[in-house]
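Structural overview
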Amino acid sequence: MLDICDDLQRIRSKMSDPELRRDARTRLRRESVRKRELLTRDLSAYRYRGPLGRLLRECKLESEHFQVLALLLHRHLAAEDPGCEGRLILSHVYESSFDVLSGTQLLHETSPLRASGLVLIDEDDEEVADLLQARFMLSTEALLAFREEVLGGVPEDLRRGGSSSFGNQRELLVDLRVLHNLYQLRAERVFNVDRWNRVHSTGMDPARHLTRRINAFWGRIRRKLEVTERAQEFPALRFITEHGLAEEETIIVTHLLFKELYEGNAYADAAELLKLVSYSESDLIRNRRLITRSGTLVASDILQLEAMIENRELTAEVHLADWAVNYLLGPSGQERTIDTDERLDWHLYLKNLTDARTFFRDLESN
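Residues numbered from 1 in each chain as written. Predicted model: local features only at pLDDT ≥ 70, side-chain atom pairs only at ≥ 80, totals over all residues. Heavy atoms only, no water.

1. Digging into the sheet that holds strand β5 (residues 303-307)
Let me state the cut-off plainly: The pairing criterion is simple: DSSP has to find at least two bridges between the two strands. Strands here mean DSSP runs of E at least two residues long; helices mean DSSP runs of H or I at least four residues long; both are numbered from the N terminus. Should any heavy atoms of two residues lie within 4.5 Å, those residues are counted as being in contact. Note on geometry: axes are lines fitted to C-alpha atoms, helical ones only across the stretch in contact, with angles between N-to-C directions running from 0 to 180 degrees.
Spatially, β4-β6-β5 is the arrangement adopted by the three strands of the open sheet, whose pairing is antiparallel. Both edges of this open sheet fall to β4 (268-269) and β5, since each of them pairs with a single strand only. Alignment of β5 against strand β6 (residues 316-320), held across five bridges, turns out to be antiparallel. By the bridge assignment for β6, glutamate 306 is matched with glutamate 317. Contacts from helix α13 (residues 247-263) reach β4, β5 and β6 within the one sheet, and its direction differs from that of β6 by about 80°.

2. A short note on the nonpolar core
This is how the line gets drawn: Here, the term nonpolar core denotes a set of buried Ala, Val, Leu, Ile, Met, Phe, Trp, Tyr and Cys residues that are joined through side-chain atoms within 4.5 Å. Exposed residues in this analysis have more than 50% of their type's maximum accessible area, buried residues have under 20%, and partly exposed residues fall in between, with area computed by a 1.4 Å probe over protein chains only.
Counting 49 residues, the largest nonpolar core has Leu172, Ile252, Leu303 and Leu320 as its most contacted members. For this core, the element with the highest residue contribution is helix α9 (residues 169-190), accounting for eight residues. The residues touching isoleucine 252, leaving out its near neighbours within four places in the chain, are Leu273, Val277, Leu290, Ile291, Leu297 and Leu303. Judged by nonpolar contacts, the second largest core, of 36 residues, contains Leu8, Val68, Leu69 and Phe136.

3. Considerations on the pattern of salt bridges
Definition in use: Basic side-chain nitrogens of Lys or Arg form a salt bridge, by our definition, when they fall within 4 Å of a carboxyl oxygen of Asp or Glu.
Within this structure, the stated rule accounts for eleven salt bridges. The salt bridge involving aspartate 175 is made with lysine 224; its shortest N-O contact spans 3.1 Å. With aspartate 175 in helix α9 and lysine 224 in helix α11 (residues 208-226), the pair connects residues that are 49 residues apart, well separated along the chain. Lysine 275 serves as the salt-bridge partner of glutamate 272, at 3.1 Å between the closest nitrogen and oxygen. Here glutamate 272 and its partner lysine 275 are both found in helix α14 (residues 270-276), three residues apart, which amounts to about one turn of the helix.

4. Here's the deal with the packing of aromatic side chains
To keep it simple, the criterion reads: We call Phe, Tyr and Trp rings a pair once their centres come within 6.5 Å, taking the six-membered ring for Trp, and we label the pair stacked below 30 degrees between planes, edge-to-face above 60, and tilted otherwise.
Taken as a whole, this structure holds four aromatic pairs when the rule is applied. Taking the centre distance of 5.7 Å and the plane angle of 40° together, the rings of phenylalanine 239 and tryptophan 323 count as tilted. You can see phenylalanine 239 sitting in helix α12 (residues 235-243) and its partner tryptophan 323 sitting in helix α17 (residues 322-329), a full 84 residues away along the chain. Owing to a relative accessible area of 0%, phenylalanine 239 belongs among the buried residues under this scheme. Judged by centre distance (6.4 Å) and plane angle (70°), the rings of tryptophan 323 and tyrosine 327 are edge-to-face. In this pair, tryptophan 323 and tyrosine 327 are both assigned in helix α17, four residues apart and thus about one turn of the helix distant.

5. Re α9
In plain terms, the rule: In a helix, the anticipated span is given by 1.5 Å times the number of residues less one. For the purposes of these results, a polar contact is taken to be a pair of N or O atoms within 3.5 Å, where, inside protein, one atom must be able to donate a hydrogen and its partner to accept one; residues adjacent in sequence count only when each atom of the pair is a side-chain atom.
For α9, spanning 22 residues, the distance from its first C-alpha to its last is 32 Å, which sits close to the expected 32 Å at 1.5 Å a residue. The backbone nitrogen of arginine 170 has a side-chain oxygen 3.1 Å away, supplied by the residue at the start of α9, namely asparagine 168.

6. Observations regarding unusual backbone geometry
One non-glycine residue, arginine 230, lies in positive phi territory at about 60°. Topologically, arginine 230 is positioned in the loop between α11 and α12. Taking the relative accessible area as the measure of exposure, arginine 230 reaches 61% and is therefore exposed. Residue aspartate 301 is not a glycine yet carries a positive backbone phi of 60°. Relative to the helices and strands, aspartate 301 is located in the loop between α16 (296-299) and β5. The exposure class assigned to aspartate 301 is partly exposed, which follows from its relative accessible area of 36%.

7. A look at the environment of threonine 296
Mapped onto the fold, threonine 296 is located in helix α16. Separated by 51 residues in the primary sequence, threonine 296 and leucine 245 place their C-alpha atoms 7.5 Å from one another. Discounting residues that sit within four places of it in the chain, threonine 296 has contacts with His243, Leu245 and Glu249.

8. Thoughts on the side chain of threonine 254
Structurally, threonine 254 is set in helix α13. At 2.8 Å, the side chain of threonine 254 forms a polar contact with the backbone oxygen of threonine 250.

9. Examining a nonpolar patch on the surface
The condition is simple: Like-charged residues are merged into a patch within 9 Å and nonpolar side chains (Val, Leu, Ile, Met, Phe, Trp, Tyr) within 5 Å, provided each residue has over 30% relative accessible area and no salt bridge. Throughout, the Shrake-Rupley method with a 1.4 Å probe supplies accessible areas, and for residues the shown protein chains are the sole cover considered.
Nonpolar side chains collect at one region of the surface, where Leu261, Tyr262 and Leu329 lie side by side and expose about 320 Å² of accessible area between them. Counting through the fold element by element, tyrosine 262 comes out in helix α13.

10. Describing the pairing of strand β3 (residues 135-138)
In the sheet, strand β1 (residues 84-85) pairs with β3 via two bridges, with the strands oriented antiparallel. Across the sheet, residue cysteine 84 finds its bridge partner in β3, namely phenylalanine 136. Relative to β3, strand β2 (residues 119-121) runs antiparallel, the two being bridged by three bridges. Paired with valine 119 across the bridge in β3 is leucine 138.

11. Quick word on helix α4 (residues 63-78)
An ideal rise of 1.5 Å per residue puts 22 Å on 16 residues; α4 measures up with 22 Å between its terminal C-alpha atoms. Here α4 has its buried residues at Ser63, His65, Phe66, Gln67, Val68, Leu69, Ala70, Leu71, Leu72 and Leu73.

12. Topic: the packing of α13 against α17
Describing two packed helices takes the angle between their axes plus the distance from one axis to the other. Rules: Note on angle classes: values under 35 degrees are labelled roughly parallel, values over 145 roughly antiparallel, values of 65 to 115 roughly perpendicular, and the remainder oblique. Each residue gets one of three labels, nonpolar for Ala, Val, Leu, Ile, Met, Phe, Trp, Tyr, Cys and Pro, charged for Asp, Glu, Lys and Arg, and polar for the others, Gly among them.
Relative orientation of the contacting elements α13 and α17 amounts to 90°, with a least axis distance of 11 Å. Considered as vectors, α13 and α17 are oriented roughly perpendicular to each other. Each of Val253, Leu257 and Glu260 in α13 lies in contact with α17, whose residues at this interface are Val325, Leu328 and Leu329. The residue makeup of the contact of α13 with α17, split by class, is five nonpolar, no polar and one charged.

Here it is, written out as structure tokens:
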């Protein structure tokens, strides 16, 4: 399909030649129509293995959308500057000036490409009113989706089949971290500056695809826990269960835990934490309850707030309580087996022990 897009670009480049003969132009136009029909057919018939297929299906992308993605992918791979002007993008998709002008809808913020987060506008061009002058580029998620498809990789949360169990507490924490990254990617899409500063409501859900992946990953974790022996002994799972943490609260705790573990920085802004676990602006307003002093996390002393303005939780810097960090990470240090000499010493001690009082006295002294 990428080859077909390349062919279409070459055909249009030839057709732009003002000295091209009429019969040659007619032949090239017929070839262009045939290529577009072939691309449309392949888009609906190809069996995708990775996230690209799900993106294309859920965003309901047509051949013109895919041509834009292909052009921007080529630009990303071939040029130092991945940005591309809107007029150049549309001239590679449409043949006539009228079609280019009417086709600007492809790059509008309400279009499937922009609303889904697959195509982003350059930060320097966010205030440009003319879409033909603005510069566009592929998002990181779109690039990763293309790469996974070409390499044949399938992200863990998109794989089918049974789930294996957790071998230990660390594997559970790592899965929660990967799940947290999906939340972070969704937040970047929902609350990116381009969308946040819009002047009207689009009525579109820019994170539907990622929300489904998040829900599927939660299901995967639960299934793995169900088949894990002694899973309730994992400190992280006990922590979640004992405090009755909801999914959003668990992700906030996971974020702060790994932020401290990876960066050595225990603090995060309260507002950033709320965006992390929100799938829309209305959900952001509703999730304010997670950081209030009556919420589970603060009331249970799991989170500690340092507000810039008194009684205004959203102005606070937030960190996990010391006891919560120690509880979640479990015992520190490496477990050690009892060697032969220690076993012999313990055997001799028990042999010479005369009463329980001596045992408890020795225990307290040590």
